[in-house]
Amino acid sequence: LLTRDLVLDEPDDFDIADQHALCRLVNWTGMLGGRVLLSSATLPPALVQALFAAYCTGRNAWKLACGEPGASLNVCCAWFDEDDACSGEFSVAADFYDAHCRFAHRRAMRLPDKPVLRRAQIASVTSSSADAGSVITAYADTLHHEIINLHNLHHQCDAKGHCISFGLVRMANIVPLVAVAKKLMSTPSPEGYHIHYCVYHSQHPLAIRAYIEQRLDSAFTRHDPQIVWHLPEVKQALRQGEAKHHLFVVLATSVVEVGRDWDADWGMIEPSSMRSLIQFAGRIQRHRQKQPESPNMLILNKNIRALRERSPAYCQPGFESARFLLSSHDLTEILHPDCYQLINAIPRILDSQVACKKNQRFDSLVSLEHARLWEELLGRSEDYPVAAQWWRLPLQWSGELQRRTPFRRSQNESQFFLYMQDDVDEPRFMARDDGAVGWKDPGVFRFYPLEQAKGVWPWIDIDYAKVMRGLAESTNHALSRVSERFGEINLRSNVTAGEVWFWHPLLGVFHALS
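Residues numbered from 1 in each chain as written. Predicted model: local features only at pLDDT ≥ 70, side-chain atom pairs only at ≥ 80, totals over all residues. Heavy atoms only, no water.

Draft legend 1. Representation of the overall build of the protein chain. Regarding its fold elements, the protein chain presents 16 helices and 21 strands. Taking 24 Å as the expected radius of gyration for a compact globule of 514 residues, we find that the protein chain reaches 25 Å, a close match to that expectation. Sequence separation of at least 24 residues holds for 71% of the intrachain contacts in the protein chain that already meet a minimum separation of 6. Surface exposure of the protein chain reaches about 24200 Å², of which carbon and sulfur atoms provide 49%. The protein chain carries 54 positive and 60 negative side-chain charges, and their two centres are separated by 2 Å. (Helix = DSSP H or I, 4+ residues; strand = E, 2+ residues; numbered from the N terminus. Rg over C-alpha atoms; globule rule 2.2 N^0.38 Å. Contact = heavy atoms within 4.5 Å. Areas by Shrake-Rupley, 256 points an atom, 1.4 Å probe, with all protein chains shown as cover. Lys, Arg positive; Asp, Glu negative; His and termini not counted. Charge placed at Lys NZ, Arg CZ, Asp CG, Glu CD.)

Take a look at the structure:
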């Protein structure tokens with residue numbers, strides 16, 4: 001930071017607990033005389049205002065040390081989007097906020113006039129009880145029914161009458177995702193349909209995750225709509241039986257929301273936050289820009305935690321917490337149709353102007369997000385840390401604030417490796433050891449036998465040994481070296497005694513749903 005400027009790409013993608021650290025980083029950048037660029041289409045006003053305040057405080061310290069004596073602080077700021085640009089110099093936070101809101105309002109006025117590429121509606125999930133098995137069954141049944149409907153509405157066909165579609169199903173957490181995936185794979189497809197599933201999340205070994213991403217990038221890069229017919233997986237699928245309809249479905253966590261330049265035909269999402277809905281919508285019709293005649297995105301009315309009667313429900317990920325609670329967990333009651341039917345960034349970039357009161361329950365998912373951001377970043381509470389305390393409190397508080405709000409507070413993790421010593425070995429999950437061999441069986445991994453029903457196929461042929469051998473050949477390294485560099489997987493280490501990690505090449509590494 002002494003000699004560089006700071007670029008924050010999608011800063012609002014960080015968990016709200018980590019935005020305290022972002023404010024500290026921007027404060028330091030201003031203190032060292034650097035400039036800051038924020039890049040995102042969904043920046044909420046509270047975060048922008050907090051980062052500006054952090055920067056100004058730091059920049060003022062830099063001015064006192066390096067600037068002209070007596071000169072006033074004027075920070076040059078500019079806003080850009082695909083249609084507009086404006087700039088100005090600001091020393092007062094209120095003036096900056098007004099300028100930012102004016103730019104955001106002009107953008108909000110233009111967004112409804114742009115081509116409508118995503119039409120969304122809410123799909124209801126009903127479970128017979130709150131126990132885990134019933135909820136997973138209800139979720140899988142709803143997904144299976146809607147997947148077929150979405151394919152029938154949004155597909156493309158070749159001259160021989162084969163119809164294919166590529167869809168995304170996003171869920172909040174890995175354990176319920178895998179539980180739903182297992183249920184879907186054991187559900188037979190209708191006559192004439194083949195469903196090809198891919199389970200994509202962070203708990204695949206590094207080499208396997210990279211291989212999955214490579215194949216998915218090829219499938220979802222669709223600037224040329226006809227190129228999908230030349231994909232190896234599609235060609236293989238068309239040779240399998242007499243089915244005319246082939247659905248290629250990614251079952252994923254939030255890893256699909258940011259950083260993936262994908263173009264899907266349709267999508268379904270378990271709700272977490274307004275931001276996740278907007279980001280997920282951006283993976284649909286991203287390249288081809290074809291306007292749908294019917295909804296091509298479905299939002300489930302409750303998430304897994306809500307169906308299991310947990311409160312708070314829209315958390316981990318999400319903005320609901322014990323201090324910021326919703327009045328309902330049914331999206332039909334807390335999300336206005338204007339916020340999702342023709343989904344765009346307006347609910348995020350415009351402030352909801354809802355005052356936060358003690359013990360208040362919010363009747364809007366959007367209002368909850370804005371209110372919590374204002375309170376946690378720029379609030380005046382003395383009951384919990386506020387990001388602005390970094391520059392409001394005396395310097396001796398800095399260590400304590402970092403201790404209370406560290407960047408990416410996470411559980412302890414253990415490191416394992418998908419290991420092959422030589423070409424004849426079967427891949428195994430191993431841990432490092434101080435002994436002569438250097439490796440040991442950790443004894444916590446168990447293979448999961450996956451049941452696949454009629455008409456259900458894996459999208460990507462994931463053969464651990466084949467992927468590792470391919471890497472060894474392409475890098476000209478021994479398999480043992482490839483295992484150390486590319487076989488790594490980090491898993492939380494505070495498991496209970498006797499708890500095991502299950503694994504399957506299609507499902508990744510996971511725990512059973514409790």
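Draft legend 2. Helix α15 (residues 464-475), seen in detail. Helix length check: α15, at 12 residues, gives a terminal C-alpha distance of 17 Å against a target of 16 Å (1.5 Å per residue), a fit within 8%. Regarding α15, the residues found buried are Y464, A465, V467, M468 and A472. Angularly, the buried residues of α15 cover 165° about the axis, an arc narrow enough to put them on a single face. Of the residues in α15, the exposed ones pointing more than 90 degrees away from the buried face are K466, E473 and S474. Summarising the contacts, the buried residues of α15 are in contact with α6 (206-220), β14 (413-419), β15 (428-432), α16 (479-486) and β20 (501-504). (Expected span 1.5 Å × (residues − 1). Buried < 20%, exposed > 50% of the residue type's maximum accessible area, 1.4 Å probe, protein only. Arc of directions from axis to C-beta.)

Draft legend 3. Quick look at the packing of helix α2 (residues 45-66) against helix α3 (residues 93-110). Interaxial distance between α2 and α3 falls to 10 Å at its minimum, and their mutual angle equals 145°. As for how α2 packs across α3, the hand of that crossing is right-handed. Mapping the contact onto sequence places P45, V48, Q49 and F52 in α2 and A93, A94, F96, Y97 and H100 in α3. Per-class residue counts for the contact of α2 with α3 are 7 nonpolar, 2 polar and no charged. (Axes fitted to C-alpha atoms, helices over the stretch in contact; angles between N-to-C directions. Left-handed = near helix turned anticlockwise from the far one by under 90°. Nonpolar A, V, L, I, M, F, W, Y, C, P; charged D, E, K, R; others polar.)

Draft legend 4. Region of interest: the nonpolar core. The biggest cluster of nonpolar side chains holds 149 residues, and the ones touching the most others in it are F166, L216, F220 and W459. Ranked by the residues each element gives to this core, the list is headed by α2, at 10 residues. With sequence-adjacent residues up to four places away left out, W459 is seen in contact with F166, H196, Y197, C198, L216, A219, F220, E233, F248, V249 and V250. (Core = buried A, V, L, I, M, F, W, Y, C linked by side-chain atoms within 4.5 Å.)

Draft legend 5. Main features of unusual backbone geometry. Cis geometry is adopted by the peptide bond preceding P312, which originates at S311 and carries an omega value of 0°. A cis amide bond, omega 5°, links Q316 with the succeeding residue P317. Position of P317 relative to the elements: it lies in the loop between α9 (304-307) and β12 (325-326). In this structure, Q285 takes a positive phi of about 55° despite not being glycine. With respect to the helices and strands, the residue Q285 is situated in the loop between α8 (274-281) and β11 (297-300). Not every positive phi belongs to a glycine, and N476 is a case in point at roughly 60°. As for its position among the elements, N476 is in the loop between α15 and α16.

Draft legend 6. Summary view of the sheet that holds β14. The sheet built from 4 strands is open, its strands ordered β16-β15-β14-β19 with antiparallel pairing. Two strands bound the open sheet, and with one partner strand each, they are β16 (439-440) and β19 (488-492). Pairing between β14 and β19: 5 bridges, direction antiparallel. Across the sheet, residue F416 finds its bridge partner in β19, namely I489. Sitting on the sheet, α16 is in contact with β14, β15, β16 and β19, with an inclination near 150° to β14. (Pairing = 2+ DSSP bridges.)

Draft legend 7. Layout of the pairing of strand β4 (residues 85-90). Looking at chain direction, strand β3 (residues 75-80) and β4 are connected through 6 bridges and run antiparallel. Note that in β4 the partner of V75 across the bridge is F90. Between the end of β3 and the start of β4, which pair antiparallel, lie 4 residues.

Draft legend 8. Structural detail: the packing of aromatic side chains. For the structure shown, the criterion picks out 25 aromatic pairs. Each ring, one from F166 and one from W459, has its centre 5.7 Å from the other, and the planes form 55°; the classification is tilted. Here F166 is found in strand β7 (residues 163-170), whereas its partner W459 is found in the loop between β18 (456-458) and α15, with 293 residues between them in sequence. Using a relative accessible area of 6% as the deciding quantity, one classes W459 as buried. Each residue in the set F166, Y200, F220, F248, W262 and W459 is aromatic and connected to the rest through ring pairs, giving one cluster. Above the face of the W390 ring, R24 is positioned so that its terminal group lies 5.6 Å from the ring centre. Sitting over the ring of Y384, R323 keeps its end group 3.6 Å from the ring centre. (Phe/Tyr/Trp six-rings, centres within 6.5 Å; stacked < 30°, edge-to-face > 60°. Lys NZ or Arg CZ within 6 Å of the ring centre and 35° of its normal.)

Draft legend 9. Fine view of the side chain of S276. Within the element layout of this structure, S276 appears in helix α8. For S276, a relative accessible area of 3% puts it in the buried group. For S276, the side chain forms a polar contact with the main-chain oxygen of S273, separated by 2.9 Å. Contacts of S276, omitting those with residues within four sequence positions, involve R170, E257 and I269. (Polar contact = N/O pair within 3.5 Å; in protein donor to acceptor, adjacent residues only side chain to side chain.)

Draft legend 10. Focus on the environment of A138. Among the secondary structure elements, A138 is positioned in helix α4 (residues 132-153). Note on A138: relative accessible area 9%, which makes it buried. Along the primary structure A138 and S127 are separated by 11 residues, whereas in three dimensions their C-alpha atoms are 5.3 Å apart. With residues near it in sequence (within four places) discarded, A138 still touches V125, T126 and S127.

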